[in-house]
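Here is how the chains run, residue by residue.
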Amino acid sequence: MIDRLRAATDTAPCVSDRTPVEHERLWWPPMRILIVGGSGFLGGELARRCLTAGHEVAGTYLTRSGEIAGVEWSPLDVRRREEVGALIGALRPEVVINAAFRQTDWATTAVGAVNVALAASAAGGRLVHVSSDAVFSGAAIRYDETCVPDPITPYGAAKAAAETAVDAIVPNSAVVRTSLIIGDGGSPHEALVHRLAGGGVRGTLFTDDVRCPVHVADLAAALLELASSEYHGIHHVAGADAVSRYELGLLIARRDGLDADKVPSGLRSEAGLPGPMDVRLRCDMTQGRLRTELRGARQFLGEGHR
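On a predicted model such as this, the values are computed, not experimentally measured, just so you know.

Another point: the overall build of the protein chain. Across its full length, the protein chain holds 11 helices and 15 strands. The 306 residues of the protein chain split such that 55% are buried. In the protein chain, of all internal contacts separated by at least 6 residues, the share reaching a separation of at least 24 is 77%. When the accessible surface of the protein chain is split by element, carbon and sulfur atoms take 51% of a total near 13100 Å².

A word on unusual backbone geometry. Working note: non-glycine residues mostly have negative phi, and peptide bonds are mostly trans. In the Ramachandran plot, Arg92 falls in the positive-phi region, its phi being about 50° despite a non-glycine side chain. Using a relative accessible area of 46% as the deciding quantity, one classes Arg92 as partly exposed. Residue Ile141 is not a glycine yet carries a positive backbone phi of 70°. Inspection of the secondary structure puts Ile141 in the loop between strand E5 (126-132) and strand E6 (142-143). Overall, Ile141 belongs to the partly exposed group, its relative accessible area being 29%.

This brings us to the packing of helix H6 (residues 188-197) against helix H8 (residues 245-255). Where H6 contacts H8, the two axes come as close as 10 Å, and the packing angle between them is 75°. With respect to H8, the element H6 is oriented roughly perpendicular. Counting all contacts with H6, which are made through His189, Glu190 and Val193, the residues of H8 involved are Arg245, Leu248, Gly249, Ile252, Ala253 and Arg255. Residues of the contact of H6 with H8, tallied by class, amount to 4 nonpolar, 2 polar and 3 charged.

It is worth spelling out the nonpolar core at this point. Nonpolar side chains tend to gather and get buried jointly when the protein is soluble and globular. Core analysis: the largest hydrophobic core is formed by 40 residues, its most contacted members being Leu42, Leu46, Ile97, Val128 and Leu223. At the level of secondary structure, the elements contributing two or more residues to this core comprise strand E1 (32-36), helix H2 (41-52), strand E2 (56-61), strand E4 (95-98), E5, strand E7 (174-178) and helix H7 (216-227). The greatest single-element share of this core, amounting to 8 residues, is contributed by H7. Filtering out sequence-adjacent residues up to four positions away, Leu46 remains in contact with Ile35, Ile97, Ala220, Leu223 and Leu224.

Topologically, Arg255 is positioned in helix H8. Under the relative-accessibility criterion, Arg255 is labelled buried at 10%. A polar atom in the side chain of Arg255 sits 2.9 Å from the backbone oxygen of Gly183.

Moving on: the packing of H2 against H7. Where H2 contacts H7, the two axes come as close as 9 Å, and the packing angle between them is 60°. In terms of orientation, H2 lies oblique with respect to H7. Both H2 and H7 take part in a crossing whose hand is right-handed. Residues Phe41, Leu42, Glu45, Leu46, Arg49 and Cys50 of H2 form the contact with H7, whose participating residues are Val216, Ala217, Leu219, Ala220, Ala221, Leu223 and Leu224. Looking at the contact of H2 with H7, its residues break down into 11 nonpolar, no polar and 2 charged.

Let us look at the side chain of His189. In this structure, His189 sits in helix H6. Exposure remark for His189: the relative accessible area of 10% places this residue in the buried category. With residues up to four places along the chain from it excluded, the contact list for His189 reads Ile182, Leu205, Arg245, Leu248, Gly249 and Ile252.

Applying the stated criterion across every chain, the model contains 2 aromatic pairs. Ring geometry for Phe136 and Tyr143: centres 4.0 Å apart, planes at 15°, overall stacked. Taking relative accessible area as the criterion, Phe136 reaches 0% and is therefore assigned buried. Judged by relative accessible area, which is 3%, Tyr143 ranks as buried.

This next bit is on the pattern of salt bridges. All chains considered together, the criterion is met by 19 salt bridges. A salt bridge links Asp218 to Arg295, with the nearest nitrogen and oxygen atoms 2.9 Å apart. Taken together, the positions of Asp218 in helix H7 and Arg295 in the loop between helix H10 (284-289) and helix H11 (297-300) put the pair 77 residues apart, joining distant regions of the chain. Exposure remark for Arg295: the relative accessible area of 6% places this residue in the buried category.

Thresholds, definitions, all that
- Residues numbered from 1 in each chain as written.
- Predicted model: local features only at pLDDT ≥ 70, side-chain atom pairs only at ≥ 80, totals over all residues.
- Heavy atoms only, no water.
- Helix = DSSP H or I, 4+ residues; strand = E, 2+ residues; numbered from the N terminus.
- Buried < 20%, exposed > 50% of the residue type's maximum accessible area, 1.4 Å probe, protein only.
- Contact = heavy atoms within 4.5 Å.
- Areas by Shrake-Rupley, 256 points an atom, 1.4 Å probe, with all protein chains shown as cover.
- Axes fitted to C-alpha atoms, helices over the stretch in contact; angles between N-to-C directions.
- Parallel < 35°, antiparallel > 145°, perpendicular 65-115°, else oblique.
- Nonpolar A, V, L, I, M, F, W, Y, C, P; charged D, E, K, R; others polar.
- Core = buried A, V, L, I, M, F, W, Y, C linked by side-chain atoms within 4.5 Å.
- Polar contact = N/O pair within 3.5 Å; in protein donor to acceptor, adjacent residues only side chain to side chain.
- Left-handed = near helix turned anticlockwise from the far one by under 90°.
- Phe/Tyr/Trp six-rings, centres within 6.5 Å; stacked < 30°, edge-to-face > 60°.
- Salt bridge = Lys/Arg side-chain N within 4 Å of Asp/Glu carboxyl O.

Structure follows, in structure tokens:
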């Protein structure tokens, strides 16, 4: 399989010459791809791109099937090892992308990743595992791909444990840490901004809580590029701009024609909430391997992208 992928990618044109939304064709041979967590926001974007490129796509869901036609949907609880092994063993996918997680459930995020890795290894497919900037405490602020996790939340610890397990079980897998995922209206953060600006919910967007948001199209394109490569180990796929959650909210409000003055602001340091405050993923190594441009939030939410 790797020989097929390498032959295709060696002749691929530069993706950065066009936006990820325009670049729907993947430059590798059609194959069978399984997206674990395919009914989610990122999973849906991955499925659409794979279908457009002519791949045979299967996706899993926990409680509600995905709505994308052309995907072979299967219910799957990644916490059940035998169930995961049976599904992946039956499908025999050439690529498995694991985008499944639950922030409040160690078993789904950590144990589930182990189960998917074991099954993918047994089936002989390429594994790409989606991780998070939550593996870092924020003490160093800037983190590149060589930085060792130092999580300070249960979710971050679960993600860090999953990374270790995936690397041990499938050494040639790609583990991709990302940040806040934004789209063209479909992400949870965008929905929150709309509710806050419309007065439908009370809350605060913090000015001292900083991340590097990534557009879902950029992230999906990067994941599929890595899936088609021989690269393994840790990769960082996040946006080029470090922005606070409040600044991100303002950018979303202005793009969508909302009253930005109604977006509430505050300080996380005064709220006393647990978790890292300022985590900025440096993606230099990964970006150097990718044709996909990892745009910053100010670019993909700016005036030219309304």
